[in-house]
Amino acid sequence: MSIGVGSGPGDWPEALSTIIEDFSEAFDANERYEMLFELAEQVDELPLDEWTEASKVHGCQSEAHIMVGLNENGGFHLRGAADSKIVQGLIAITTVALEGLSIAQVVAFSPLFVEEMGIASALSPSRANGFLNMFKKVQVEAASLEGPDG
Amino acid sequence: MTWSPSQWPTPLRLDVKAARKDFPILKREMSGGRPLVYLDNSATTQKPQQVIDAMSTYYRTSNSNVHRSAHTLAEEATLGFEESREKIRNWFGATESRVVFTSGTTEAINLAAHSWAKVNLSEGDVVVLTEMEHHADIVPWQMLASEKGVELRWVPFDLETFELDMGAYEVAVQGASLVGAVHTSNVLGVRNPVELMVELAHQAGAKILIDAAQAAPHDRIGFDSLGADFLALSAHKMGGPTGIGILLIQEDAFQQMQPFMGGGDMIREVHFDYSTYQENEHRFEAGTPRIAEAIGWGAAIDWLAKWDMESVHEHGLELARFTADSLRSIPGMRVFGRQAERDGAVVSFLHDTMHANDLAAMLDAQGFAVRTGHHCAQPLLRRFDIAATNRASFWLYNTREEASAFVEATRDICQRFS
Ligand SMILES: Cc1ncc(COP(=O)(O)O)c(C=O)c1O
């Protein structure tokens with residue numbers, strides 16, 4: 001098992017590696033959707049009253065929102081929610097991937113894990129696109145957490 | 001209530017198996033080797049081999065521009081194109097009316113808005129629309145309203161019976177110049193009382209445009225006898241190709257229209273300082289027309305003519321009724337529509353906890369293609385306080401087994417995930 005920080009393939013955090021493995025070994029799309037539904041339950045859910053224009057992920061067919069922050073140890077922590085469980089499941093993957101990393105690690109995290117999971121071929125290219133959009137937004141907002149001194 | 005295919009109320013009157021054979025796409029395997037179950041026919045139907053062949057034969061043997069040259073290919077192309085127009089004219093019972101080719105229903109309605117309404121209406125004139133309209137029959141009139149100061153009046157429908165409020169309609173048409181009404185709703189499947197609507201519009205001195213996009217696949221529209229002034233529809237919802245449709249126009253409305261697109265084909269003479277226009281339908285068909293598409297549509301009509309359209313209608317409605325009844329028995333499922341005698345083969349539904357996109361994605365993973373979203377009818381959905389539904393819509397090649405499998409898959413997904 002890797003204990004990586006996401007600089008690229010082979011360096012994924014352990015929890016993410018498990019997801020990548022489960023996802024690529026899933027029997028079919030149905031099973032993958034089932035996984036996403038389960039993952040959706042594990043998100044630190046952003047309550048409806050915190051859904052704002054700023055938290056909204058654009059280019060998504062359904063409403064999806066994310067909010068970046070820090071956990072009690074000063075590591076990265078992502079909250080999110082979506083009205084679609086599948087989309088919330090995808091947010092969950094990001095949450096799991098980035099939990100506890102430093103801001104610099106989050107910003108440098110390689111999006112290649114999306115390819116490794118095979119979201120485009122296993123689900124759909126538009127899902128993969130939406131996912132990458134969301135991931136990019138998380139990284140951009142994480143960068144702003146660093147403050148002016150970096 | 002759940003019906004099983006063996007308990008269907010009437011025997012098949014349409015040879016669905018034979019019909020299916022003509023559609024190569026229906027043999028396609030989806031992920032996991034599952035067969036394609038295509039239930040998005042209201043968006044567009046699949047095309048029979050005969051249509052595909054007609055278009056490909058045209059390109060392989062007769063491709064040329066129409067109305068322009070004195071050579072063999074040009075004559076064949078012109079003949080094929082104009083013959084298709086006549087087939088379409090006959091199919092829709094419009095022998096005494098005008099058949100103008102457009103890119104589809106949307107362009108047909110826009111043509112009526114630009115070439116008739118903009119020319120004949122002015123500030124304070126009234127256009128009546130129903131709350132069931134597709135965006136194609138809303139937005140052109142809103143544009144006209146903001147440009148010309150025309151007033152739009154909306155006719156509501158009942159949220160439980162899904163029926164148009166004909167009392168409100170009768171009031172709304174008083175003093176109106178034009179009515180725009182959907183023949184069969186693409187969301188609810190409801191077939192509106194268009195005959196009565198035409199009568200009441202005319203009594204009030206208004207012209208009426210019917211959006212028959214969803215009527216074309218299952219209804220024979222007798223345009224002349226219906227008496228509407230305009231009727232718009234698309235080829236692609238009745239087995240024909242995309243990119244072509246028509247506006248049917250009654251003669252006196254036709255005479256009140258002015259072309260809004262200028263160019264080749266629509267002119268009689270062009271001088272440096274002025275031009276004169278064609279007197280017939282070509283007047284509104286500027287530029288090289290959709291020749292292969294017209295020929296393909298003609299082939300679709302030849303193909304459809306093999307089937308008894310009444311049986312086609314009944315078959316679709318039967319599938320829709322079965323599906324609606326069965327979906328209603330799924331806990332948390334809401335079905336929009338009534339599936340009455342002349343309604344379209346459409347079932348819109350929404351689960352109260354399962355997101356429409358999630359349900360559609362999981363159905364898709366099992367090979368079921370259904371539509372999800374606002375169906376280009378946001379005002380209608382807002383009436384129900386919802387933003388989207390799932391929609392299953394059937395055509396003559398869909399089987400009872402497909403409908404049954406679809407219902408079971410939906411039931412199963414809802415049970416497991418909600
Ligand atoms: C009722 C109705 N009107 C208009 C349209 C628009 O047709 P087109 O996109 O072919 O122009 C549709 C197609 O979805 C429809 O269902």
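What counts and what doesn't
- Residues numbered from 1 in each chain as written.
- Chains lettered and ligands numbered in written order.
- Predicted model: local features only at pLDDT ≥ 70, side-chain atom pairs only at ≥ 80, totals over all residues.
- Heavy atoms only, no water.
- Phe/Tyr/Trp six-rings, centres within 6.5 Å; stacked < 30°, edge-to-face > 60°.
- Helix = DSSP H or I, 4+ residues; strand = E, 2+ residues; numbered from the N terminus.
- Buried < 20%, exposed > 50% of the residue type's maximum accessible area, 1.4 Å probe, protein only.
- Axes fitted to C-alpha atoms, helices over the stretch in contact; angles between N-to-C directions.
- Parallel < 35°, antiparallel > 145°, perpendicular 65-115°, else oblique.
- Left-handed = near helix turned anticlockwise from the far one by under 90°.
- Contact = heavy atoms within 4.5 Å.
- Near = heavy atom within 4 Å.
- Polar contact = N/O pair within 3.5 Å; in protein donor to acceptor, adjacent residues only side chain to side chain.
- Nonpolar A, V, L, I, M, F, W, Y, C, P; charged D, E, K, R; others polar.
- Pairing = 2+ DSSP bridges.
- Right-handed = clockwise from strand over helix to strand, strands pointing away.
- Buried area = accessible area lost by both parts, 1.4 Å probe.
- Salt bridge = Lys/Arg side-chain N within 4 Å of Asp/Glu carboxyl O.
- Expected span 1.5 Å × (residues − 1).
- Core = buried A, V, L, I, M, F, W, Y, C linked by side-chain atoms within 4.5 Å.
- Domains from an automatic or database assignment.

A. Local environment of the packing of aromatic side chains. In this structure the tally under the stated criterion is 23 aromatic pairs over all chains. Ring geometry for Phe113(A) versus Phe131(A): centroids 5.9 Å apart, planes at 80°, classification edge-to-face. Within this pair, whereas Phe113(A) is found in helix 5 (residues 112–117), its partner Phe131(A) is found in helix 7 (residues 125–145), the two being separated by 18 residues in sequence. Summarising the burial analysis for this pair, Phe113(A) and Phe131(A) share the class buried. Look at Phe349(B) and Phe406(B): their rings are 5.9 Å apart centre to centre, the planes differ by 65°, and that puts the pair in the edge-to-face class. With Phe349(B) in strand 12 (residues 346–351) and Phe406(B) in helix 14 (residues 400–417), this residue pair connects regions lying 57 residues apart in the sequence. By relative accessible area, Phe406(B) is classed as buried at 0%. What links up through ring pairs into an aromatic cluster is the set Trp12(A), Phe109(A), Phe113(A), Phe131(A) and Phe135(A).

B. The arrangement of the packing of helix 12 (residues 356–364) of chain B against helix 14 of chain B in detail. All names here are of chain B. Running from amino to carboxyl end, helix 12 crosses helix 14 at an angle of 125°, the nearest separation of the two axes being 10 Å. Regarding the angle of helix 12 to helix 14, the classification is oblique. In the packing of helix 12 onto helix 14, the handedness of the crossing is right-handed. In this structure, helix 12 uses Leu 359, Met 362 and Leu 363 to contact helix 14, whose residues at the interface are Phe 406, Ala 409, Thr 410, Ile 413, Cys 414 and Phe 417.

C. Just the site of the ligand, in detail. Residues and elements named next belong to chain B. In the vicinity of the ligand lie 13 residues, with Thr 106, Asp 211, Gln 214, Ser 234 and Lys 237 positioned nearest. In the environment of the ligand, an oxygen atom lies 3.3 Å from a nitrogen or oxygen atom belonging to the backbone of Thr 105. A distance of 2.7 Å separates an oxygen atom of the ligand from a polar atom in the side chain of Gln 214. Of the residues assigned to the shell around the ligand, the class counts are three nonpolar, eight polar and two charged.

D. Spotlight on the environment of Val370(B). All names here are of chain B. Assignment of secondary structure puts Val 370 in the loop between strand 13 (368–369) and strand 14 (371–373). Distance from Val 370 to Ser 348, taken between C-alpha atoms, is 9.9 Å for residues 22 residues apart in sequence. With residues up to four places along the chain from it excluded, the contact list for Val 370 reads Leu 39, Asp 40, Ala 360, Leu 363, Arg 391, Ala 392 and Phe 406.

E. Summary view of the pairing of strand 4 (residues 151–155) of chain B. Residue and element names in this part refer to chain B. Sheet analysis places strand 3 (residues 126–130) next to strand 4, joined by five bridges and oriented parallel. Bridge assignment links Val 128 to a residue of strand 4, and that residue is Arg 153. Handedness of the crossover joining strand 3 and strand 4 through helix 5 (residues 139–148) is recorded here as right-handed.

F. Fine view of the side chain of Ser64(B). Residue position: Ser64(B) is located in the loop between helix 2 (49–62) and helix 3 (72–91). Setting aside residues no more than four positions away along its own chain, Ser64(B) makes contact with Tyr58(B), His71(B), Leu73(B), Ala74(B), Ala77(B) and Ile291(B).

G. Molecular detail of the interface of chain A and chain B. With 13 residues of chain A at the contact, the number on the chain B side is eleven residues. Both sides of the chain A and chain B interface together cover about 1100 Å² of buried area, and 52% of this is carbon and sulfur. In this structure, the salt-bridge partner of Asp28(A) is Arg34(B), at a minimum N-O distance of 3.4 Å. Remark: the boundary between chain A and chain B carries six residue pairs in polar contact (both at pLDDT 80 or more).

H. Structural context of the packing of helix 2 of chain B against helix 3 of chain B. Residue and element names in this part refer to chain B. Orientation of helix 2 relative to helix 3, taken along the N-to-C sense of each, is 160°, at an axis distance of 10 Å. The angle between the axes of helix 2 and helix 3 places the two elements in the roughly antiparallel class. Contact with helix 2, carried on its side by Tyr 58, Thr 61 and Ser 62, involves Leu 73, Glu 76 and Ala 77 of helix 3 and no other residues of that element. When grouped by side-chain class, the residues that make up the contact of helix 2 with helix 3 number three nonpolar, two polar and one charged.

I. Region of interest: helix 14 of chain B. For helix 14 of chain B, built from 18 residues, the straight-helix expectation of 26 Å at 1.5 Å per residue is met to within 8% by its first-to-last C-alpha distance of 26 Å. Listed as buried for helix 14 of chain B are Arg400(B), Glu402(B), Ala403(B), Ser404(B), Phe406(B), Val407(B), Ala409(B), Thr410(B), Arg411(B), Ile413(B), Cys414(B) and Phe417(B).

J. Representation of the pairing of strand 3 of chain B in the model. Residues and elements named next belong to chain B. Most of strand 3 sits out of view: five of its five residues are buried. By the alternation rule, side chains of strand 3 split into Val 126, Val 128 and Thr 130 and Val 127 and Leu 129, which are all buried. Both strand 3 and strand 5 (residues 178–182) contribute to a ladder of three bridges, which runs parallel. When the bridges of strand 5 are listed, Val 128 appears paired with Val 179.

K. Local environment of the nonpolar core. Counting 84 residues, the largest nonpolar core has Phe92(B), Tyr169(B), Leu188(B), Trp297(B) and Leu396(B) as its most contacted members. Counting residues per element, this core draws most heavily on helix 10 (residues 291–304) of chain B, at ten residues. Each of domain 1 (11–40 + 308–417) and domain 2 (56–304) of chain B contributes no fewer than three residues to this core. Once residues within four sequence positions are removed from consideration, Trp297(B) is found in contact with Ile88(B), Phe92(B), Phe101(B), Leu233(B), Ser234(B), Ala235(B), Met238(B), Pro241(B), Ile244(B), Gly245(B) and Ile246(B). Judged by nonpolar contacts, the second largest core, of 74 residues, contains Leu123(A), Ala142(A), Ala365(B) and Phe417(B).

L. Here's a closer look at the sheet that holds strand 15 (residues 389–393) of chain B. All names here are of chain B. Within the open sheet, the four strands sit side by side as 11-12-15-14. Their pairing is antiparallel. On the outer flanks of this sheet lie strand 11 (333–336) and strand 14, each paired with one strand and no other. The mean angle between the axes of side-by-side strands here comes to 30°, regardless of whether they run parallel or antiparallel. Pairing between strand 14 and strand 15: three bridges, direction antiparallel. Counterpart to Thr 372 in the pairing with strand 15 is Asn 390. Packed onto the sheet, helix 11 (residues 309–328) meets strand 11 and strand 12 and runs at close to 15° relative to strand 12. Seen against the sheet, helix 12 touches strand 11, strand 12, strand 14 and strand 15 and runs at an angle of roughly 40° to strand 15.

By themselves, these observations are geometric and do not establish any function.
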